Number of protein chains: 2
Amino acid sequence: MKKIKFLKNLKFDSSGLIPCVVQDAKDRTVLMVAYMNQDSLQRTLQEKKACYWSRSRQKFWLKGEESGNFQIVKELAIDCDGDCILIFVEQIGGAACHTGMRSCFYRKVSAKGNLTIHGKKIFDPKKVYKK
Amino acid sequence: MKKIKFLKNLKFDSSGLIPCVVQDAKDRTVLMVAYMNQDSLQRTLQEKKACYWSRSRQKFWLKGEESGNFQIVKELAIDCDGDCILIFVEQIGGAACHTGMRSCFYRKVSAKGNLTIHGKKIFDPKKVYKK
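Here we summarise the structure given alongside this text. (Residues numbered from 1 in each chain as written. Chains lettered and ligands numbered in written order. Predicted model: local features only at pLDDT ≥ 70, side-chain atom pairs only at ≥ 80, totals over all residues.)

1. Observations regarding the relation of the copies chain B and chain A
So, step 1. Mapping chain B onto chain A calls for a screw motion: a turn of 180 degrees about the axis and a shift of 0.0 Å along it, with 0.0 Å RMSD after fitting. Such values leave the two copies arranged in the relation of a two-fold axis. Within chain B, the C-alpha atom positioned nearest to the axis of rotation is that of Arg28 of chain B, 3.0 Å from it.
So, step 2. Here 100% of the interface residues in chain B have copies in chain A that are interface residues too; the copies meet face to matching face. (Least-squares fit on C-alpha atoms with pLDDT ≥ 70 in both. Contact = placed C-beta atoms within 7 Å.)

2. Let's talk about the pairing of strand β4 (residues 59-62) of chain A
Residues and elements named next belong to chain A.
So, step 1. Across 4 bridges, the pairing between strand β3 (residues 51-54) and β4 is antiparallel. Bridge pairing in β4 places Tyr52 opposite Trp61.
So, step 2. The loop that links β3 with its antiparallel partner β4 comprises 4 residues; one of these, Gln58, has a positive phi angle of about 55 degrees. (Pairing = 2+ DSSP bridges. Helix = DSSP H or I, 4+ residues; strand = E, 2+ residues; numbered from the N terminus.)

3. Overview of the interface of chain B and chain A
So, step 1. With 32 residues of chain B at the interface, the matching set in chain A holds 32 residues.
So, step 2. Those elements that place two or more of their residues in the side of chain B that touches chain A are β1 (18-24), β2 (30-36), β5 (71-78) and β7 (107-109) of chain B.
So, step 3. Here the side of chain B that touches chain A gets 4 residues from one element, more than from any other, and that element is β5 of chain B.
So, step 4. Among the residues making up the side of chain B that touches chain A, the classes are represented as 19 nonpolar, 6 polar and 7 charged.
So, step 5. Relative to β5 of chain B, strand β7 (residues 107-109) of chain A runs antiparallel, the two sharing 2 bridges. Looking across to β5 of chain B, one finds that Lys108 of chain A is bridged to Ala77 of chain B. (Nonpolar A, V, L, I, M, F, W, Y, C, P; charged D, E, K, R; others polar.)

Below, the structure written as structure tokens:
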């Protein structure tokens, strides 16, 4: 894919970003939410690996570039008003979160309003992230 | 729940908002993404019905207030860095999108880069939204 034909249907925010929900293509777990700019979206579509724009580091963030845990993009959808993207991925290594948890959404709110941890650590971050 | 104990774990943006991914509690379809501020989050937790902050109208948006298609909140999770919320809901009426589609993400990008429509209209917006 050389051009993003549907770009005119997308609304990027004042920083040139659009949020992207990342869902496991098989079991439909919501793994994480990250942000893309036009270039990282283009790269994602061309390489079929999820590439975001890191707001904290202000640079491209090819997910898995350090850990090897790439996200292979199977499908991409956009919402009705064009201000959000949803991608369906195969999560290499089985975990998306930098903590080693499968999903970044591993903390749930209990009936009493406390946070409880759900799920297991898939990998040890100390071993996966060398620095 | 009178107080949001986990509020200190959340990061609201410069407009006081946090994105919220809405997932069907049963079949795990991602239905939509909307934004909450502290008050709409509090209201969501108290009433167990999803309440957002409408950025376009700059007011509370109790989802379903006009259509009757409320979102009954079954669970709420937050992500690792506390800048995104995920809620699991029962979508009354079966559709979340104002177009009548089940999910707002009903447009998928084809291999050629075109948008294709997926899913069926669950309701007729003209009948559901009177004005």
